[in-house]
Amino acid sequence: MSSVSNTKVPLISPEEVSIEDKKANEFGPLTSKEYLHQVHSRNGKGLGEPILDAPPYYVSVITYLNYLILIILGNIHDFLGMTFQKDRHPDIVEKDGIAPWYSKFESFFVRRMKKRIDDCFSRPTTGVPGRFIRCIDRISHDLNEYFTYPGTSTMCLNLSSYNYLGFAQSEGQCTDAALEAIKKYGINSGGPRAQIGTTDLHVATERYVADFVGKEDAMVFSMGYGTNANFFDAFLDSKCLVISDELNHASIRTGVRLSGAAVKVFKHNDMAALEKIIREQIVQGQPKSHRPWKKILICVEGLFSMEGTMCNLPEIIELKKKYKCYLFVDEAHSIGAMGPKGRGVCDVFGVDPADIDILMGTFTKSFGAAGGYIAADKAMIDRLRLDVSTASYGEPMPVPVLAQIISSLRTITGELNPGEGQERLQRIAFNSRYLRLALQRLGFIVYGIADSPVVPMLLYAPSKMPAFSRMMLQRKIAVVVVSYPATPLIESRVRFCVSASLTKEDIDYLLRHVSEVGDKLFLKVSTGKAGGSLDGRPPRWDIEEVIKRTPADCKDDKYFMA
């Protein structure tokens, strides 16, 4: 198969692909050992102040004007439609004395903004989300009112999937393990007698996870979102307090809401604000009785997926010990993908996992599987087995998924195929650093820390978000664009999801096209504070010089946040 650095990504139908080609499509071969980077532990050192790069004022003004124009035009369309074409607005019009399904005001953003760019979201795909991903073609009609499918598909370079270590493959040890589990345990009446409920694979998976993250015991769940949504209800009640980072995931917010616990929110990664809230709540106690809180739980994420930033774990642990609080860390995006050994934020910072009360993570990102886990002391896990409703009412994890998890864990630790897991970790570290620094040198504003496999690049104006997504798809590159309410109103962005399955040449191909599209859409608005201008050079480099010099420079921490 030809290199991705050519002018186009080669299209190969499934019938034409050999086993070797399938492997290359799903996990690109390493072209040079220079394209590896070994991450080192911070040995208890916290994070320094981030290098912030804000856009010029005119960018913010134009972004607000974009929204203002959209709102004005949308309201004009609503007025004309409600006056002359009521039959085209059945969801927001009263009919036969029955109230409308939706409020016109509350549904305005979805109808007049989000729906207009629905072709950029939830694109159907087929096959393995590896190095390449096959996107099913669809044709939009009547401003995305509905889609038709011509029956064709397009193979795209994949910068849109959370397949961080590339374990989502149709060939390899993980797939072999999953197939063997199906043969042994069965999944339907056509095979061997199916085993329902807890099997030895469930017990083995919990043991592997606990050992991997450094806790006494663990409990696995069949759904990552449900892990958070159900944990807090079992651990907290209305006499407990949660102190939550403002950027925590919706699953955490759902779980806390279900528990009935009180919530205080602190500014993202602001340790002074966190300590101030803890001190105030210890003094004030519960709102009505002013009795001490039953539990105070600090809740953060290891890696924040929208920002690419990491929690300042050493300082949070220091506050946790100082004020005798509980600490919950969601490692959905950091476990497996970050740290010298891939063991998440504790591995990155070199801290003892025993200093964290509850470690939560998912298997959908780095392990190419599904579900989530809670890891903690054995006494806590034993109690959770009785209290968490998921264990009693939810479906258990399927055995092929468990086999996939165990196989990927054994690969990362070196127990299976020694050296492969370490190479995958070094590849994703290099790919993440290379893409981030290259984008900064091209003049784009990029958020996050050096080793984050999520690389958010700011687009700002709402009109540029669908334009960027569509232009990338035309160039056979699959990306994810994100906007309000998942991000602040004026900070719409594209999130490049980096994978170990990508080659350096793949990223070169991406950079050439992103640079071209960035010029057309006027996205290069960086002031040069971050990354590429530390050696005194201009903030915007030529694409050829970026590709030539950045692979070596990206291994030097001086170009990134301290």
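In this text the structure is predicted, and so the values were computed from the model without any measurement. (Residues numbered from 1 in each chain as written. Predicted model: local features only at pLDDT ≥ 70, side-chain atom pairs only at ≥ 80, totals over all residues. Heavy atoms only, no water.)

Student: Sorry, what's going on with a nonpolar patch on the surface here?
Tutor: Among the surface-exposed residues, Val-61, Leu-65, Leu-68, Ile-69, Ile-72, Leu-73, Ile-76, Phe-79, Leu-80 and Phe-84 lie close enough to one another that they form a single nonpolar patch of about 970 Å² accessible area. If you trace the backbone, Ile-76 turns up in helix H2 (residues 57–84). (Patch = residues over 30% accessible without salt bridge, like charges linked within 9 Å, V, L, I, M, F, W, Y side chains within 5 Å. Areas by Shrake-Rupley, 256 points an atom, 1.4 Å probe, with all protein chains shown as cover. Salt bridge = Lys/Arg side-chain N within 4 Å of Asp/Glu carboxyl O. Helix = DSSP H or I, 4+ residues; strand = E, 2+ residues; numbered from the N terminus.)

Student: Help me understand the sheet that holds strand E1 (residues 125–126) in this model?
Tutor: What links the strands of a sheet is backbone hydrogen bonding, and the strands pair in either a parallel or an antiparallel sense. Reading across from one edge, E1-E2-E5-E16 is the order of the 4 strands in this open sheet, with mixed pairing throughout. Looking at which strands have only one partner, the edges of the open sheet turn out to be E1 and strand E16 (477–478). Sheet topology places E1 next to strand E2 (residues 132–136); 2 bridges connect them, and they run antiparallel. In the sheet register, Thr-125 faces E2, and the bridge partner there is Cys-135. (Pairing = 2+ DSSP bridges.)

Student: I'm lost on the nonpolar core in this one. Help?
Tutor: Generally speaking, a soluble globular protein has its nonpolar side chains buried in company with each other. One finds Leu-274, Leu-313, Leu-327 and Phe-363 to be the most contacted residues of the largest nonpolar core, which totals 67 residues. Formed jointly, this core draws a minimum of three residues from each of two domains, domain 1 (33–47 + 56–158 + 420–561) and domain 2 (173–413). Membership of the second largest hydrophobic core comes to 47 residues, among which are Phe-444, Ile-507, Tyr-559 and Phe-560. (Core = buried A, V, L, I, M, F, W, Y, C linked by side-chain atoms within 4.5 Å. Buried < 20%, exposed > 50% of the residue type's maximum accessible area, 1.4 Å probe, protein only. Domains from an automatic or database assignment.)

Student: What am I meant to see in the domain arrangement of the chain here?
Tutor: Put simply, an interface is often sized by how much accessible area is lost when its parts join up. What the domain assignment lists for the chain is domain 1 (33–47 + 56–158 + 420–561) and domain 2 (173–413). Here domain 1 and domain 2 have C-alpha centroids that lie 28 Å from each other. Tallying the contact residues gives 28 residues for domain 1 and 25 residues for domain 2. Summing both sides of the interface, domain 1 and domain 2 together bury roughly 2000 Å²; the carbon and sulfur share of this comes to 60%. The three residues of domain 1 that bury the most area against domain 2 are Leu-47, Leu-425 and Ile-449, which together make up 25% of that side's buried surface. (Contact = heavy atoms within 4.5 Å. Buried area = accessible area lost by both parts, 1.4 Å probe.)

Student: How should the packing of aromatic side chains be read in this particular structure?
Tutor: To describe a pair of aromatic rings, you give the distance between the ring centres and the angle between the ring planes. Across all of its chains, the model carries 13 aromatic pairs by this definition. Taking 6.5 Å as the distance between ring centres and 80 degrees as the angle between the ring planes, the aromatic pair formed by Phe-212 and Phe-367 counts as edge-to-face. Taken together, the residues span a long stretch of sequence, with Phe-212 in helix H5 (residues 200–213) and Phe-367 in the loop between strand E13 (358–362) and strand E14 (372–376) at a distance of 155 residues. Here the two residues Phe-212 and Phe-367 agree in accessibility, since each one is buried. Ring plane angle 20 degrees and centroid distance 5.3 Å describe the contact between Phe-231 and Phe-235, whose orientation is recorded as stacked. With Phe-231 and Phe-235 both in helix H6 (residues 224–235) and 4 residues apart, this pair spans about one turn of that helix. With respect to class, Phe-231 is no different from Phe-235; both count as buried. An aromatic cluster is defined as three or more aromatic residues linked by ring pairs; in this entry it consists of Phe-231, Phe-232, Phe-235, Tyr-326 and Phe-328. In this arrangement the basic side chain of Arg-138 is found over the ring face of Phe-147, its NZ or CZ atom lying 4.3 Å from the centre. (Phe/Tyr/Trp six-rings, centres within 6.5 Å; stacked < 30°, edge-to-face > 60°. Lys NZ or Arg CZ within 6 Å of the ring centre and 35° of its normal.)

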